[in-house]
Amino acid sequence: MAKAKSILEEIKGHLMTGISYILPLIIGASIVVAIPKLLAFGITSLDAYSDGTGFYHVLYLMEQVGWTGIGLLNVVLGGFIAYSIADKPAMGAGFIGGMIASNTKAGFIGAVVAGFFAGYVCKFLKEKVKIKGSAAGMMPLIIMPLVTVGLTGFLMSVVLGGPLGYINTSLNAWIENMCQNGTNVVVLALVLGAMIGFD
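Note that the structure is predicted; figures quoted are calculated from it, not measured.

Visitor: Please provide a residue-by-residue account of the packing of aromatic side chains, values included.
Guide: On inspection of all chains with the given rule, the structure shows six aromatic pairs. Taken together, a centroid distance of 5.9 Å and an interplanar angle of 85° make the contact between Phe-80 and Phe-95 edge-to-face. Pair noted here: Phe-80 is in helix 3 (residues 73-86) and Phe-95 is in helix 4 (residues 91-103), with a separation of 15 residues, a long-range link. Of the residues examined, Phe-80 reaches a relative accessible area of 18% and is grouped as buried. Taking the relative accessible area as the measure of exposure, Phe-95 reaches 28% and is therefore partly exposed. Plain terms: the ring middles of Phe-116 and Tyr-120 are 6.3 Å apart, the flat faces sit at 10° to each other, and that makes the pair stacked. Pair noted here: Phe-116 and Tyr-120 are both in helix 5 (residues 107-128), with a separation of four residues, about one helical turn.

Visitor: Would you mind going over the packing of helix 1 (residues 2-39) against helix 2 (residues 55-71) in detail, with residue names and values included?
Guide: The contact between helix 1 and helix 2 brings their axes to 8 Å, and the two run at 160°. Looking at the two axes, helix 1 sits roughly antiparallel to helix 2. When you trace helix 1 past helix 2, the crossing you get is left-handed. Residues Leu-25, Ala-29, Ser-30, Val-32, Val-33, Pro-36, Lys-37 and Leu-39 of helix 1 form the contact with helix 2, whose own contacting residues are Phe-55, Leu-59, Met-62, Glu-63, Val-65, Gly-66, Trp-67, Gly-69 and Ile-70. Looking at the contact of helix 1 with helix 2 residue by residue, the classes come out as twelve nonpolar, three polar and two charged.

Visitor: Provide a residue-level description of the environment of Val-112, including the pertinent values.
Guide: Among the structural elements, Val-112 can be located in helix 5. Setting aside residues no more than four positions away along its own chain, Val-112 makes contact with Leu-15, Leu-77 and Ile-81.

Parameters at a glance
Residues numbered from 1 in each chain as written. Predicted model: local features only at pLDDT ≥ 70, side-chain atom pairs only at ≥ 80, totals over all residues. Heavy atoms only, no water. Phe/Tyr/Trp six-rings, centres within 6.5 Å; stacked < 30°, edge-to-face > 60°. Helix = DSSP H or I, 4+ residues; strand = E, 2+ residues; numbered from the N terminus. Buried < 20%, exposed > 50% of the residue type's maximum accessible area, 1.4 Å probe, protein only. Axes fitted to C-alpha atoms, helices over the stretch in contact; angles between N-to-C directions. Parallel < 35°, antiparallel > 145°, perpendicular 65-115°, else oblique. Left-handed = near helix turned anticlockwise from the far one by under 90°. Contact = heavy atoms within 4.5 Å. Nonpolar A, V, L, I, M, F, W, Y, C, P; charged D, E, K, R; others polar.

The following block contains the structure:
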């Protein structure tokens, strides 16, 4: 029981490390998205001003800066979860896994899975594979990144990308349905409250 609790605490610690790195990104990018909308004086969408010049075009460009930052959320999350587990050699695989999670619509769930997988594969290599002599320097620079990127890419692209994408899309659709249906708003509030309380 104590061992299971220790493992859960370790997992939670790595997850919270990843989240701590994405918080400045989310906050900064979200504010950059919001400010152009406030300055647009009632215009709900700036997409019509994507071409051309003028004040509203500048607002559109700034809004896109914010959306670009938000688009990096899964990349940064996956990379820094992996970093928390196995340090720098795991980061590349975590970043790539997070990007694949975005591309396959696996989203936050996929980025978490990719980050943990990349981190623990890299940690296993660090602990179990020992290379001596002049080739030892190749381990953190070439061998570990190569193996972790390859395995993480295969896992997220071939094995889990589709299923996790389906789960994430279904969850989003369920939440949207609950928000649109007034009778389900209370249930959604209870679920969110329980999640916050559990955390």
